[in-house]
Amino acid sequence: MKRFLMAAISMALLVSVVFTMSACGAKEAIPETEGYELKIGYTLYPPMDYMENGELIGFDADFGRKVCEDLGYTPKFVEIDWNTKSVSLKSGEIDLIWNGMTITDELKEEFLITDPYMENQQVIVVKKDIADKFKTVADLANASSIAYEDGSAADALISENDALKDVRQNAASAQKDAFLEVFAGTSEVAVVDITMAKSMTADGTDYGKTLTYVDVGFEKEEYGIA
């Protein structure tokens, strides 16, 4: 059943992308899944999942609803702790991890994962007046402190870099919290997904006047659903 679910979701992702979520005729629910409530694990992470006027919206939230509609599922969104996402999935608290999850070899060994549906990259967020201080990953060794989401792709990149072992590291419970540490001045640098960095530092946002993001050369990643 789990392999069937992953295959069905991968196919629905492909169809949704090809048709750009346009109306393309009536969909028939898959008999084995019709009416089933699919529990989708997420964290608050704009622009993928965030609250607006009391409703969960964002790219992943809207995409999840569309895919569930195509497959005949009823989506139920369950907020989780990203650092314990594996426990939530294994325990049955959720059926899917769908929240800008970077595909890694370790996760492939642990779970069934769909085909990639979006490209991502880790970037740094800093105050604009010191952005020129950081041009490469090696420059991060000169940071006074680095914030990141506990259990995230950024966590792995930082913890595996021996050159950063002497830099004070602040593990936050969510990417947005790592981002806000830079805004508050409690961390000099935050390492976050470029999807979040672009959204939260854009012109007209609360943070765009003082913060910016820099591509320091981290390798490209891909999002998938576990």
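Quantities reported herein were computed from a predicted structural model and do not represent experimental measurements.

Definitions and limits used
- Residues numbered from 1 in each chain as written.
- Predicted model: local features only at pLDDT ≥ 70, side-chain atom pairs only at ≥ 80, totals over all residues.
- Heavy atoms only, no water.
- Helix = DSSP H or I, 4+ residues; strand = E, 2+ residues; numbered from the N terminus.
- Buried < 20%, exposed > 50% of the residue type's maximum accessible area, 1.4 Å probe, protein only.
- Contact = heavy atoms within 4.5 Å.
- Areas by Shrake-Rupley, 256 points an atom, 1.4 Å probe, with all protein chains shown as cover.
- Patch = residues over 30% accessible without salt bridge, like charges linked within 9 Å, V, L, I, M, F, W, Y side chains within 5 Å.
- Salt bridge = Lys/Arg side-chain N within 4 Å of Asp/Glu carboxyl O.
- Lys, Arg positive; Asp, Glu negative; His and termini not counted.
- Charge placed at Lys NZ, Arg CZ, Asp CG, Glu CD.
- Pairing = 2+ DSSP bridges.
- Axes fitted to C-alpha atoms, helices over the stretch in contact; angles between N-to-C directions.
- 1 Å grid on protein atoms, 1.4 Å probe; cavity = no way out; pocket = protein on both sides within 12 Å on 5 of 7 lines; lining within 4 Å.
- Points joined across faces, edges and corners; volume = space filled by probe spheres on them.
- Nonpolar A, V, L, I, M, F, W, Y, C, P; charged D, E, K, R; others polar.

Draft legend 1. Spatial organisation of the overall build of the protein. When its secondary structure is counted, the protein shows seven helices and 12 strands. Looking at the protein as a whole, 49% of its 226 residues qualify as buried. In the protein, the share of contacts with a sequence separation of at least 24, taken over all contacts with a separation of at least 6, comes to 73%. Just so you have it, the protein exposes about 11,400 Å², and 50% of that area is on carbon and sulfur atoms.

Draft legend 2. Up close: the environment of Glu 93. Its location among the elements puts Glu 93 in the loop between helix H3 (85–91) and strand E5 (96–97). Between the alpha carbons of Glu 93 and Ile 40 there is a distance of 9.2 Å; along the sequence they are 53 residues apart. Excluding its chain neighbours within four sequence positions, the residues that come into contact with Glu 93 are Lys 39, Val 78, Glu 79, Ile 80 and Ser 88.

Draft legend 3. Spotlight on a negative patch on the surface. A cluster of acidic residues, Asp 105, Glu 106, Glu 109 and Glu 160, forms a negative patch at the surface. Along the chain, the position of Glu 106 falls in helix H4 (residues 105–110). Note on Glu 106: relative accessible area 56%, which makes it exposed.

Draft legend 4. Geometry of the sheet that holds strand E1 (residues 37–42). Reading across from one edge, E4-E1-E5 is the order of the three strands in this open sheet, with parallel pairing throughout. Only two strands of the sheet have a single partner each, and these edge strands are strand E4 (74–79) and E5. In this structure, E1 lies alongside E5, joined through two bridges in parallel fashion. Counterpart to Gly 41 in the pairing with E5 is Ile 97. The strands touched by helix H2 (residues 59–71) within the sheet are E1 and E4, with E4 carrying the most contacts at an inclination of about 150°.

Draft legend 5. Broad picture of the pattern of salt bridges. Under the criterion given, the structure shown has six salt bridges. Between Lys 39 and Asp 95 there is a salt bridge, with its nearest N and O atoms 3.5 Å apart. Highlighted residues: Lys 39 in strand E1 and Asp 95 in the loop between H3 and E5, separated in sequence by 56 residues. Judged by relative accessible area, Lys 39 falls into the buried class, the value being 19%. Salt-bridge contacts for Glu 188 lead to Lys 133; the nearest nitrogen and oxygen are separated by 2.9 Å.

Draft legend 6. Representation of the layout of surface pockets. Estimates place the volume of the largest pocket at around 650 Å³. Among the elements of the structure, H3, strand E6 (101–102), H4, helix H5 (153–159) and strand E12 (220–224) are those that each provide at least two residues to the lining of the largest pocket. Here the lining of the largest pocket gets four residues from one element, more than from any other, and that element is H5. A per-class count over the lining of the largest pocket returns nine nonpolar, 11 polar and 10 charged.

Draft legend 7. Expanded view of unusual backbone geometry. Geometrically, the link from Pro 46 to Pro 47 is a cis peptide bond, its omega value of 5° lying close to zero. On the secondary structure map, Pro 47 appears in the loop between E1 and strand E2 (50–52). Although it is not a glycine, Asn 53 adopts a positive phi angle of roughly 55°. Examined against the element boundaries, Asn 53 turns out to sit in the loop between E2 and strand E3 (55–57). Judged by relative accessible area, which is 79%, Asn 53 ranks as exposed.

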